[in-house]
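# Coordinate analysis (summary)
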Amino acid sequence: MKTKYSHIALMSLLLITAFSLTSCEIDRDENVGYQLQGHWFGDLDMYYDGVPARGSDIIFYPEGWGYRQGTGTQIDYYGRYGNTQVRHDFSYYIENEVIYLTFYDEPDLDCTISRYGLNADNFWGSIDGSYSSTDFRLRNYDRYWESEGYYGYDYDYDRRYYGGYYTKQALDLDAFDTDTINIPAATRAAASQDTLASQPKATRGVNQQ
């Protein structure tokens, strides 16, 4: 009888331990999601039709119970004054502290973020996509935008990417139809494959033409 009760006690202890480990894993994911929610700005190493972005905003909106999943919006800024915007919408979820992003109608931008640091002020690390891995560094928008956030004129940036001058040809702005590039899913679905192939392309971490 004593041996039977010992086995029961052992099984109970194993179940409690397993439950505790699972709870801790969920708590860690929720903690990541809690820190992740909100508005960030900085460098996501984005390109659009071969043109490097001046900077990016990215917003995470948690949905459902807890903070482990949600939707988001990324806006990249281009041009000398950062007034040409390219928008990307996505969904995300967090599992085992890895952040998974799925971009609507833009599978080339799908990525995971597993090597990162995250706190109330900064979010930094590496983004792993299908074809590349690149570093990123973001700051909390609400805390730092007024003192640090701008995508306007920067002499070193312009000299490096545009040869010290600004022209429509240098930026290839003919490819940018409006100030905000955002092709709705319904429009993309209705468009022909030839039309989609001719659209300028957003890439991350590599300057793909």
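Report on the accompanying structure.

Thresholds applied
Counting restarts for each chain: residues are numbered from 1 in the order of the written sequence. The model is predicted, so local features are restricted to residues of pLDDT at least 70 and side-chain atom pairs to those at 80 or more, both for listing and for counting; the totals for chains, interfaces and linings are taken over all residues. In computing side-chain values, all of the structure's heavy atoms are included and hydrogens and water are not. Here, nonpolar core refers to any group of buried Ala, Val, Leu, Ile, Met, Phe, Trp, Tyr and Cys residues whose side-chain atoms link them within 4.5 Å. The classification of residues rests on relative accessible area computed with a 1.4 Å probe and restricted to protein chains. Under 20% of the type maximum is buried, over 50% is exposed, and intermediate values are partly exposed. Labels follow the DSSP assignment, with helices taken as runs of H or I lasting at least four residues and strands as runs of E lasting at least two, numbered in each case from the N terminus. By the convention used here, residues are in contact when the closest approach between their heavy atoms is within 4.5 Å. In short, DSSP must find at least two bridges between two strands for them to pair. In the analysis that follows, any N or O atom pair within 3.5 Å is treated as a polar contact, provided that within protein one partner can donate a hydrogen and the other can accept it, and provided that, for residues neighboring in sequence, both atoms belong to side chains. Salt bridges are identified by distance alone: a Lys or Arg side-chain nitrogen within 4 Å of an Asp or Glu carboxyl oxygen. Stacked, tilted and edge-to-face pairs are distinguished by plane angle, under 30 degrees for stacked and over 60 for edge-to-face with tilted covering the rest, among Phe, Tyr and Trp rings (Trp via its six-membered ring) whose centres lie within 6.5 Å. To sit over a ring, a charge needs its Lys NZ or Arg CZ within 6 Å of the ring centre and within 35 degrees of the ring normal.

### Points about the nonpolar core
L36, I58, I99, L101 and F123 are the most contacted members of the largest nonpolar core, which has 27 residues in total. Of all the secondary structure elements, the ones that give two or more residues to this core are α1 (2-36), β2 (46-48), β4 (55-62), β6 (84-95), β7 (98-103), β8 (111-118), β9 (122-129) and β10 (133-140). Ranked by residue count, the leading element in this core is β6, at 4 residues. If we skip the residues at most four places from it in the chain, I58 touches G38, H39, W40, L44, T73, Q74, F90, L101 and L138.

### What to know about the sheet that holds β2
Two pairing modes exist for strands in a sheet, parallel and antiparallel, and in both the strands are linked by backbone hydrogen bonds. Spatial strand order, β3-β2-β12: 3 strands in an open sheet with antiparallel pairing. Each having just a single partner strand, β3 (51-52) and β12 (202-204) make up the two edges of the open sheet. Relative to β3, β2 runs antiparallel, the two being bridged by 2 bridges. By the bridge assignment for β3, Y48 is matched with V51.

### Focus: the side chain of N140
Assignment of secondary structure puts N140 in strand β10. Setting aside residues up to four positions removed in sequence, N140 forms contacts with H39, W40, F41, A120, D121 and W145.

### Some details on the environment of Y116
Here Y116 is to be found in strand β8. Along the primary structure Y116 and I127 are separated by 11 residues, whereas in three dimensions their C-alpha atoms are 8.7 Å apart. The residues contacting Y116, other than those within four sequence positions of it, are V32, E97, I99, F123, W124, G125 and F136. A polar atom in the side chain of Y116 sits 2.5 Å from the backbone oxygen of E97.

### A look at the side chain of N122
For N122, the position within the fold is in strand β9. For N122, a relative accessible area of 16% corresponds to the buried category. Side-chain polar atoms of N122 contact the side chain of R139, separated by 2.7 Å. Apart from the residues within four sequence positions on either side, N122 is in contact with W40, G117, L138 and R139.

### Quick notes on the environment of R87
As for its placement among the helices and strands, R87 is situated in strand β6. Separated by 3.0 Å, the side chains of R87 and D89 make a polar contact.

### Observations concerning the pattern of salt bridges
Opposite charge on two side chains permits pairing when their charged atoms draw close. Throughout the structure, instances matching the rule amount to 7 salt bridges. In this structure, the salt-bridge partner of R143 is D121, at a minimum N-O distance of 3.5 Å. Residue R143 is found in helix α2 (residues 141-148), and its partner D121 is found in the loop between β8 and β9; the two are separated by 22 residues along the sequence.

### So, the environment of D57
By the element assignment, D57 lies in strand β4. Overall, the relative accessible area of 7% leaves D57 in the buried class. Apart from residues lying up to four places away in sequence, D57 is in contact with H39, W40, F41, T73, Q74, I75, Y77, Y141, W145 and Y151. Polar contacts involving the side chain of D57 include one to the side chain of Y77, which spans 2.9 Å.

### Structural notes on the packing of aromatic side chains
Under the criterion given, the structure shown has 15 aromatic pairs. Arranged with centres 5.6 Å apart and planes meeting at 65 degrees, the rings of F60 and F90 form a pair that is edge-to-face. Here F60 is found in strand β4, whereas its partner F90 is found in strand β6, with 30 residues between them in sequence. Taking relative accessible area as the criterion, F90 reaches 0% and is therefore assigned buried. With a centroid separation of 5.1 Å and 15 degrees between ring planes, the pair formed by Y141 and W145 is classed as stacked. Within this pair, Y141 and its partner W145 are both found in helix α2, separated by 4 residues, close to a single helical turn. A connected cluster of aromatic rings, assembled from ring pairs, spans F41, Y77, Y141, W145 and Y151. The residue whose ring lies beneath R139 is Y144, and the NZ or CZ to ring-centre distance is 3.7 Å.

Functional significance is not addressed by these values, which are geometric in nature.
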